[in-house]
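Observations on the model geometry
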Amino acid sequence: MAGRLVIIGAGQAGFALAAKLRALKDTRPITILGAEECLPYQRPPLSKKYLLGEMSFDRLLFRSESWYAENDVEIRLSAWVEEIDRTGRRVLLQDGSAVDYDTLVIATGATPRTLPAAIGGDLDGVYVVRDKRDADRLAEEMLPGRRLLIIGGGYIGLEAAAVARHLGLEVTLIEMADRILQRVASAETADIMRAIHVTHGVTILEKTGLTRLIGKAGKAGKVEAVELADGTVVPVDFVIAGIGVTPNDRLAATAGLETANGVVVDAFGRTSDPFIFAAGDCTLLPFEGARVRLESVQNAVDQAEAAAAVIAGGELPYLPKPWFWSDQYDVKLQIAGFNLGYDETVVRPGAREGAASVWYFRRGKFIAVDAINDAKAYVTGKKLIDLGRHPEKALLADPATDLKQLLL
Ligand SMILES: Cc1cc2nc3c(=O)[nH]c(=O)nc-3n(C[C@H](O)[C@H](O)[C@H](O)COP(=O)(O)OP(=O)(O)OC[C@H]3O[C@@H](n4cnc5c(N)ncnc54)[C@H](O)[C@@H]3O)c2cc1C
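Below: a short report on this structure.

Calculation notes
Residues numbered from 1 in each chain as written. Predicted model: local features only at pLDDT ≥ 70, side-chain atom pairs only at ≥ 80, totals over all residues. Heavy atoms only, no water. Near = heavy atom within 4 Å. Polar contact = N/O pair within 3.5 Å; in protein donor to acceptor, adjacent residues only side chain to side chain. Areas by Shrake-Rupley, 256 points an atom, 1.4 Å probe, with all protein chains shown as cover. Helix = DSSP H or I, 4+ residues; strand = E, 2+ residues; numbered from the N terminus. Nonpolar A, V, L, I, M, F, W, Y, C, P; charged D, E, K, R; others polar. Domains from an automatic or database assignment. Pairing = 2+ DSSP bridges. Buried < 20%, exposed > 50% of the residue type's maximum accessible area, 1.4 Å probe, protein only. Contact = heavy atoms within 4.5 Å. Salt bridge = Lys/Arg side-chain N within 4 Å of Asp/Glu carboxyl O. Arc of directions from axis to C-beta.

Comments concerning the site of the ligand
In the vicinity of the ligand there are 31 residues, among which Ala13, Glu36, Lys48, Arg130 and Asp281 approach most closely. Residue Gln12 places a main-chain N or O atom 3.2 Å away from an oxygen atom belonging to the ligand. Here the ligand, which alone exposes 990 Å², has 94% of that area covered by the protein. For the shell around the ligand, the secondary-structure elements that each account for two or more residues are helix H1 (12-23), helix H8 (297-311) and strand S22 (323-328). In terms of residue class, the shell around the ligand is built from 16 nonpolar, 9 polar and 6 charged. Taken domain by domain, the shell around the ligand gets at least three of its residues from each of domain 1 (5-111 + 245-311) and domain 2 (114-241).

See the structure below:
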């Protein structure tokens, strides 16, 4: 039997890796060390149905406790790893204990960026959304009529805005960049999503920076207002910062592994130490000749499963096939592919009202699609990417074209 595998991080990637090894009939001892106090769970509902109160936490768990015992996977919760001792091949925990490994996996995820304390980022009532605790605290604030200010027009901010409007809050969202979704989607997709939010009553202020958060009587305490870059003061009851994440690569960096805004891994999930793998949000991985970070369920699962196959003795590289989704109101945004470096887009109206898709091209090659309430466009785009096909732009833009035709 192979030696002990230790996984740091009991999240999407850590769980997927352990489960895949057992599915591959690999019987080596596995220990998962997780900082949180709960069993591994899916995060996407934290800014969607869980925050809305429409999904219980039990439904978020990947598996119940019995699965870990039945599959001989030791899981230690509230177990924060302080250090990796590569020479001694062991990890050191905050509680002073150590766990020996033969193979180690770093699956530590990412941490939301926070606003600096110097501008009031440490006031009470300023939230991020990453884990169950964040969502539970936030849910208590989500009461009808309260005033919420969201900083950042990315997916997390927009999803939180949708939940808050659904629950009857007054919502203002500010975005420093020229437009919402600047980092992740085209201007056309942003236009569609902005219009949906405005229709639902969200005030969206783009090109709008933040000067400071103001607490009670200007001192520390609960946030009461926000001063924008143009001097406007907006009264608030609470604030959500959705301003991106930073990968949790400190353990790897301190241990001398190669990091560069993420733990650098090869296509097999290997770090610069042959006994240490990494997977999920904490990694920087190869993709079409570049090194990228992919913060998604798809990547966490597929990359972890590929690494598990390598650990079990396989040799297949992980070739990311990115997909992503976001739920806002009754709108399902589905994304296939990765629009990195796109230079052209084609907008296609959907067959029913409120449906549309935005198709991304790079040097004439089709690379990704954003499908808004348009499952057919999503499925077709995904298949085209798998097949390496590049549809005619004019055909795509023509609503009379049956998408099936593109696959023939
Ligand atoms: C609110 C929200 C909504 C999202 N919505 C979507 C979506 O709609 N679609 C989508 O594809 N993706 C979505 N994502 C992203 C997706 O959830 C992540 O990409 C995925 O969880 C990454 O998995 P991971 O295992 O790398 O990290 P995580 O799931 O974050 O797990 C990492 C775990 O490691 C633990 N850890 C960190 N450091 C240590 C340490 N030193 N010692 C011990 N444990 C440690 C952390 O506490 C955490 O539990 C969303 C994320 C959030 C937060």
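Topic: the sheet that holds strand S21 (residues 290-292)
Each strand in a sheet pairs with another by means of backbone hydrogen bonds, the pair being arranged parallel or else antiparallel. Taken together, 3 strands build an open sheet; the order of strands is S18-S20-S21 and the sheet is mixed. Here the strands that pair on one side only, and so sit at the sheet edges, are strand S18 (263-264) and S21. Examined bridge by bridge, strand S20 (residues 283-287) and S21 share 3 bridges and lie antiparallel to one another. Across the sheet, the residue bridging to Leu285 is Val292, located in S21.

Observations concerning the pairing of strand S5 (residues 90-93)
Pairing of strand S4 (residues 81-85) with S5 involves 4 bridges; the strand directions are antiparallel. In the sheet register, Ile84 faces S5, and the bridge partner there is Val91. Following S4, the chain reverses through 4 residues before pairing antiparallel with S5; Arg89 in that reversal takes a positive phi of roughly 45°. The pairing of S5 with strand S6 (residues 98-100) spans 3 bridges and is antiparallel. For Val91, the partnering residue across the bridge sits in S6 and is Val99. Linking two consecutive strands that pair antiparallel, namely S5 and S6, is a turn of 4 residues; a positive phi of about 95° is found at Gly96 within it.

Comments concerning the side chain of Thr271
Looking at where Thr271 falls in the secondary structure, it is placed in the loop between S18 and strand S19 (276-278). Thr271 gets classed as buried once you look at its relative accessible area, which sits at 9%. A polar contact is formed between the side chain of Thr271 and the backbone oxygen of Ile276, at a distance of 2.7 Å. Residues within four places of Thr271 in sequence aside, it is in contact with Leu257, Val263, Val264, Val265, Ile276, Phe277 and Ala278.

Points about unusual backbone geometry
Residues other than glycine seldom take positive phi values, yet Asn261 does so here, at roughly 55°. A positive phi is found at Asn373, a non-glycine position, where the angle reads about 50°. Take Asn373: its relative accessible area is 17%, and that puts it in the buried class.

As for the pattern of salt bridges
Think of it this way: side chains of opposite charge can pair up when their charged atoms draw near. What the rule picks out here adds up to 23 salt bridges. Here Arg90 ties to Asp85 by a salt bridge, and the two come within 3.0 Å at their closest N and O atoms. Owing to a relative accessible area of 32%, Arg90 belongs among the partly exposed residues under this scheme. A salt bridge links Asp266 to Arg270, with the shortest nitrogen-to-oxygen separation between them at 3.8 Å. In this structure Arg270 comes out as partly exposed when scored by relative accessible area, which is 26%. Here the salt bridges share partners, and the residues they tie into one network are Glu141, Arg146 and Lys222.

A word on helix H4 (residues 132-141)
Buried residues of H4: Asp134, Ala135, Leu138 and Glu141, and no others. Mapping the buried residues of H4 onto a view down its axis gives an arc of 110°, with all of them on the same face. Of the exposed residues in H4, the ones pointing more than 90 degrees away from its buried face are Arg133 and Glu140. Buried residues belonging to H4 abut helix H2 (49-52), strand S9 (126-127) and strand S16 (238-241).

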